[in-house]
Amino acid sequence: MSIQYIGEKIFLEEIEATGKVWVARSIHKSVYAHELDETGFSLPVWSKKERVVDFLQNARLVGPKYEPAAVPLDVFTQAWLSDKMMAISELQLNPDGKSPRVLCYTAEEFQSSQDTH
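Now for a look at the structure at hand. For clarity, every value in this text was computed on a predicted model and none was experimentally measured.

Some remarks on the overall build of the chain
Scanning the chain from N- to C-terminus turns up four helices and six strands. Along the chain, from the amino end to the carboxyl end, the secondary structure elements read α-β-β-β-α-β-α-β-β-α. Taking 117 residues into account, the globule formula puts the C-alpha radius of gyration at 13 Å, and the chain, at 13 Å, falls close to it. Here the C-alpha coordinates of the chain stretch approximately 40 × 30 × 30 Å along the principal axes. Counting over 117 residues, the chain shows a buried share of 34%. Sequence-distant contacts in the chain: of pairs separated by 6 or more residues, those separated by 24 or more amount to 66%. Accessible surface, the chain as shown: approximately 7300 Å² in total, 52% of it carbon and sulfur. Side chains of the chain carry 12 positive and 17 negative charges; the gap between the two charge centres is 9 Å.

Points about a nonpolar patch on the surface
Taken together, the side chains of Tyr5, Ile6 and Ile10 make up a nonpolar region of the molecular surface, amounting to roughly 250 Å² of accessible area. Residue position: Ile6 is located in helix α1 (residues 3–18). Taking the relative accessible area as the measure of exposure, Ile6 reaches 36% and is therefore partly exposed.

Considering the packing of aromatic side chains
Each aromatic ring pair is described using two quantities: the centre-to-centre distance and the angle formed by the ring planes. In this structure the tally under the stated criterion is six aromatic pairs. With 5.0 Å between their ring centres and 50 degrees between their planes, Trp46 and Phe55 make a pair best called tilted. Of the two residues, Trp46 and Phe55, neither departs from the other in class, the shared state being buried. Ring plane angle 65 degrees and centroid distance 6.3 Å describe the contact between Tyr105 and Phe110, whose orientation is recorded as edge-to-face. Judged by its relative accessible area of 7%, Tyr105 is buried. Residue Phe110 is classed as buried on the basis of its relative accessible area, which comes to 0%.

Re helix α3 (residues 73–80)
Among the residues of α3, Leu73, Phe76, Thr77 and Trp80 are the ones counted as buried. For α3, the angular spread of buried residues about the axis comes to 120 degrees, placing them on one side.

A few points about the side chain of Ser26
The topology assignment puts Ser26 in strand β1 (residues 20–26). On the accessibility criterion, Ser26 (4% relative accessible area) is buried. Leave out the neighbours within four places in its chain, and Ser26 touches Pro64, Lys65 and Tyr66.

Scoring rules and cut-offs
- Residues numbered from 1 in each chain as written.
- Predicted model: local features only at pLDDT ≥ 70, side-chain atom pairs only at ≥ 80, totals over all residues.
- Heavy atoms only, no water.
- Helix = DSSP H or I, 4+ residues; strand = E, 2+ residues; numbered from the N terminus.
- Rg over C-alpha atoms; globule rule 2.2 N^0.38 Å.
- Buried < 20%, exposed > 50% of the residue type's maximum accessible area, 1.4 Å probe, protein only.
- Contact = heavy atoms within 4.5 Å.
- Areas by Shrake-Rupley, 256 points an atom, 1.4 Å probe, with all protein chains shown as cover.
- Lys, Arg positive; Asp, Glu negative; His and termini not counted.
- Charge placed at Lys NZ, Arg CZ, Asp CG, Glu CD.
- Patch = residues over 30% accessible without salt bridge, like charges linked within 9 Å, V, L, I, M, F, W, Y side chains within 5 Å.
- Salt bridge = Lys/Arg side-chain N within 4 Å of Asp/Glu carboxyl O.
- Phe/Tyr/Trp six-rings, centres within 6.5 Å; stacked < 30°, edge-to-face > 60°.
- Arc of directions from axis to C-beta.

Laid out in structure tokens, this is it:
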């Protein structure tokens, strides 16, 4: 069993147990994300608030201050991912802010994983 698979399994189990994902939201209500070429955004998401806090401490972000913000899983899956204006192309699962390597899901893969639960 690969480390990526274990990380993915833990992430999915934790969000299913709590019914929410966590994002980093600024004081201006914008959500921290990476812009991809012309395809949209890569959105970091976490399964626990503590993981967002660790990321924010490790990432040394410049600009507005970010705080952990919970998003109900059904709202995230049905509204955020289906909103073409948000243009979320991929999700980064539990990035730690220390390493540039991160486990990614496409928005479609994530939605499919939620349909099977």
